[in-house]
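What follows is the residue order along each chain.
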Amino acid sequence: MIDLKTLLIMFARAINSSTVKYWLLIGNVAGFFYYPELITRDVDIAVLFTESRDIETLIHSMEREGFQLSSEQKYSLMAKQRTIIYLEESPFYVDLLPVVYDVDIFMDAWKHRVTETLDGQKIFLPTFEYWLILKLYAGRESDFVVAKKALRYAENLGVSIDYRLLQELAKKYSIEKRLRRILR
């Protein structure tokens, strides 16, 4: 049985050995680094493909790591579409999200990323403030709930939160109402 940590390491090894330069662990797995009480079954990865060979080398690296990609999944990646990748030996899966339309917010988060190391593999994730903004930007009800709980958890631990930055980013990405909703 492949657990969540092992799946994350396998994917990190695959993407780190490809030509992909820009990727971020997002979603609840990234949130584990800030709010360990989160529960999820998917590893959300945002990827910016800057060259066509990025996709080809990622597919090759994933297959070398043991991910068996169907022709539909390969086509989906080549078309830069969201692609769900399962491993038979795991209840968890990778949700690969190519960045196509929201390049500005992705690159903003990339420039302010945190690098963690897991079993020798570099894992890139947004800072806490950018992680919250990405959650709010997604706009799903579940993301509001998680963002609010994570914010309260960080505050209770005495984590330094840059509220000015949160407000600037919310304004920049036109999500001020969403931020106010979790700050209440």
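Model, not experiment: these values are computed from the prediction.

A. Up close: the packing of aromatic side chains. By the definition in use, this model includes 10 aromatic pairs. Between Y34 and F128, the aromatic rings sit 5.4 Å apart at their centres with planes inclined by 65 degrees, giving edge-to-face as the arrangement. In this pair, Y34 sits in the loop between helix 2 (27-31) and strand 2 (42-48) while F128 sits in helix 6 (residues 128-138), placing the two residues 94 residues apart along the sequence. When sorted by exposure, Y34 lands in the same class as F128, which is buried.

B. Geometry of the sheet that holds strand 4 (residues 93-98). Strand order in the open sheet formed by 4 strands is 1-2-4-3, with mixed pairing between adjacent strands. Looking at which strands have only one partner, the edges of the open sheet turn out to be strand 1 (22-26) and strand 3 (83-86). When strand polarity is set aside, the average angle formed by the axes of neighbouring strands in this sheet is 25 degrees. Both strand 2 and strand 4 contribute to a ladder of 6 bridges, which runs parallel. Within strand 4, the position partnered with A46 by the bridge is L97. Of the strands in this sheet, strand 3 and strand 4 are in contact with helix 4 (residues 71-78), which crosses strand 3 at around 140 degrees.

What counts as what
Residues numbered from 1 in each chain as written. Predicted model: local features only at pLDDT ≥ 70, side-chain atom pairs only at ≥ 80, totals over all residues. Heavy atoms only, no water. Phe/Tyr/Trp six-rings, centres within 6.5 Å; stacked < 30°, edge-to-face > 60°. Helix = DSSP H or I, 4+ residues; strand = E, 2+ residues; numbered from the N terminus. Buried < 20%, exposed > 50% of the residue type's maximum accessible area, 1.4 Å probe, protein only. Pairing = 2+ DSSP bridges. Axes fitted to C-alpha atoms, helices over the stretch in contact; angles between N-to-C directions. Contact = heavy atoms within 4.5 Å.

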